[in-house]
Amino acid sequence: MPTQKASTSSQHKTVVQQEFTRQADAYAVAPSIIDPDRLRRLVETVGPDAAARVLEVATGPGHVALAFAPVCREVIGVDLTAAPLRIAERNRDERGIDNARFQAGDAEKLPFEAGEFDVVLCRFAFHHFEDPPLVLREMTRVCRDGGTVAVEDIIVSEHEQRAAYHNRFENLRDPSHTHAFPLSRLLSIFAGCGLEVERVTTDAYPMHVEGWIARAQTPDSLAAETRLLIERDLGEDLSGTRPFRLNGELHFTHHTATVVGRKLKQTIAF
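Computed from a predicted structure; not experimentally measured.

Reading the values: rules and limits
- Throughout, residues of each chain are indexed from 1 in the direction in which the sequence is written.
- Under the rules for a predicted model, residues below a pLDDT of 70 receive no local features and side-chain atom pairs below 80 are neither given nor counted, while totals for whole chains, interfaces and linings still include all residues.
- The side-chain values count all of the structure's non-hydrogen atoms but skip hydrogen atoms and water molecules.
- What counts as a helix is a DSSP run of H or I of at least four residues, what counts as a strand is a run of E of at least two, and both are numbered from the N terminus.
- Atoms counted for the radius of gyration: C-alpha only. Globule rule: 2.2 Å times the number of residues to the power 0.38.
- Think of it in three bands: residues with accessible area under 20% of the maximum for their type are buried, residues over 50% are exposed, and the middle band is partly exposed, with areas taken using a 1.4 Å probe on protein chains only.
- Two residues qualify as a contact provided that any one of their heavy atoms is within 4.5 Å of a heavy atom in the partner residue.
- Asp and Glu count as negative and Lys and Arg as positive, but His and the ends of the chain are not part of the count.
- To locate a charge, the coordinates of NZ of Lys, CZ of Arg, CG of Asp or CD of Glu are taken.
- By definition here, a salt bridge exists when the distance from a side-chain nitrogen of Lys or Arg to a carboxyl oxygen of Asp or Glu is within 4 Å.
- Directions pointing from the helix axis toward each C-beta atom define the arc.
- Identification of polar contacts relies on pairs of N or O atoms within 3.5 Å, with a donor-acceptor requirement for protein atoms, meaning one able to donate a hydrogen and the other able to accept it, and with residues adjacent in sequence counted only if both atoms are side-chain atoms.
- With a 1 Å grid laid over protein atoms only, a set of points is called a cavity when a 1.4 Å probe fits there but cannot get out and a pocket when it is open yet has protein on both sides within 12 Å along at least five of seven lines; lining residues have an atom within 4 Å of a point.
- Grid points are joined across faces, edges and corners, and a volume is the space filled by probe spheres set on the points.
- In these notes, a set of buried Ala, Val, Leu, Ile, Met, Phe, Trp, Tyr and Cys residues joined through side-chain atoms within 4.5 Å is what counts as a nonpolar core.

J.: Explain the overall build of the protein to me, please; I cannot follow it from the model alone.
T.: When helices and strands are tallied, the protein shows 11 helices and 8 strands. Taken over the C-alpha trace, the protein has a radius of gyration of 18 Å; the compact-globule value for 270 residues is 18 Å, and the two agree within 12%. Seen through its principal axes, the protein has C-alpha atoms that stretch 50 × 45 × 40 Å. Within the protein, the proportion of its 270 residues that are buried is 54%. For the protein, contacts bridging at least 24 residues in sequence account for 75% of all contacts bridging at least 6. Averaged over its 31 positive side-chain charges, the protein has a centre that lies 2 Å from the centre of its 39 negative ones.

J.: Honestly, the pattern of salt bridges in this entry has me stumped. Any pointers?
T.: When the charged atoms of two side chains with opposite charge come close together, those side chains can pair. Evaluated as defined, the whole model comprises 20 salt bridges. Residues Arg262 and Glu198 are paired through a salt bridge, measuring 2.8 Å at the closest nitrogen-oxygen approach. Here Glu198 lies in strand 6 (residues 195-208) and Arg262 lies in strand 8 (residues 249-263), a separation of 64 residues in the sequence. Assessed through its relative accessible area of 32%, Arg262 is described here as partly exposed. Of the charged contacts, one joins Glu231 and Arg245 as a salt bridge, the two residues approaching to 2.5 Å between their closest N and O atoms. Residue Glu231 is located in helix 11 (residues 220-236), and its partner Arg245 is located in strand 7 (residues 244-246); the two are separated by 14 residues in the primary sequence.

J.: Just checking my understanding: could you explain helix 4 (residues 36-46) for this structure?
T.: Residues separated by three or four positions in an α-helix point in the same direction, a consequence of the helix having 3.6 residues per turn. Among the residues of helix 4, those classed as buried are Arg38, Leu39, Leu42, Val43, Thr45 and Val46. Here the buried residues of helix 4 occupy an arc of 165° about the axis, which is enough to place them on one side. Turned more than 90 degrees off the buried face of helix 4, the exposed positions are Pro36 and Glu44. Among the structural elements, helix 3 (31-34), helix 5 (63-68), strand 4 (117-123), strand 5 (143-155), strand 6 and strand 8 are those in contact with the buried residues of helix 4. Where helix 4 begins, the side chain of Asp35 points an oxygen toward the backbone nitrogen of Asp37, at a separation of 2.9 Å.

J.: It is not clear to me how empty space enclosed by the protein should be interpreted in this structure. Could you clarify?
T.: The gaps left among the atoms become clear once a water-sized probe is rolled over them. For the coordinates displayed, the defined rule picks out 3 cavities of 30 Å³ or more. Volume-wise, the largest cavity comes out at about 450 Å³. Lining the largest cavity are 33 residues, with Val16, Ala58, Asp79, Ala125 and Phe129 positioned closest to its centre. The set of elements that each furnish at least two residues to the lining of the largest cavity consists of helix 1 (4-22), helix 2 (24-28), strand 1 (53-57), helix 5 and strand 2 (74-79). Looking at which element gives the most residues to the lining of the largest cavity, the answer is helix 1, with 5 residues.

J.: Teacher, can you tell me more about the nonpolar core here?
T.: Across soluble globular proteins, nonpolar side chains have a tendency to be buried as a group. Ranked by size, the top nonpolar core spans 30 residues in total, and within it Leu55, Val57, Phe126, Leu136 and Met139 carry the most contacts. Those elements giving two or more residues to this core turn out to be strand 1, strand 2, strand 4, helix 7 (132-141), strand 5, helix 9 (183-192) and strand 8. In this structure Leu55 touches Ile76, Val78, Leu110, Phe112, Phe117, Val119, Val120, Leu121 and Val142, once residues within four positions along its chain are discounted.

J.: It is not clear to me how the side chain of Asp153 should be interpreted in this structure. Could you clarify?
T.: Note on placement: Asp153 falls in strand 5. Sequence-distant contacts of Asp153, that is, excluding residues within four places in its chain, are made with Phe124, Ala125, Phe126, His127, His255, Thr256 and Ala257.

Right, here's the structure in full:
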């Protein structure tokens, strides 16, 4: 008989598949996702060897995998949802890239043997996972000893109530959002998975509220509640996202962190 946790996890994965099937086309062209400078910086921060075999977890439309392909031997992108994988394959074929492939895969149970990859990375997906430490353990498992594991994701305030406020409006906008972590928590998960943190970079970029809501196709009632929370944040500074108006339009700031770790020979159970 399945456990309650397993049942809940299955339900959340269904939500993720529903949301990213619906959002696939809009997400694939979102400015923060396709920004070539951000992709270039991620490749430079990770710094793969030309002979590296790279795995991208939760590849979505494949932009990260395809950015790594020109600088390494082989890239595989896995994702839970079929719709973005089709876009990734189309993007690959349009660019004529022959050392990248895409396949279905569950981040909590990656379909690969231990130590298969030199680099394992994940961008902008940890806040959609129900159990991010489990995913990072899996990423670490399939990475070779001495290899690189990297995560880029949005981060929230180190102050619990402010972090909760931010996560609240993220979840209203998109129910597949579970929770973004503060940087300190992300670093502790890396350490707990037997990874030596070697590089940490942070960044911030403005998010246009109406475009952000439209891409998620948020129902009107939830969109209205989301706007109200951000409007209140504008006046009261409740989340750390520093909402502001530009040409009369509401924006807020997404803060991100990229953490790059090296897999130690003797991993530590989390």
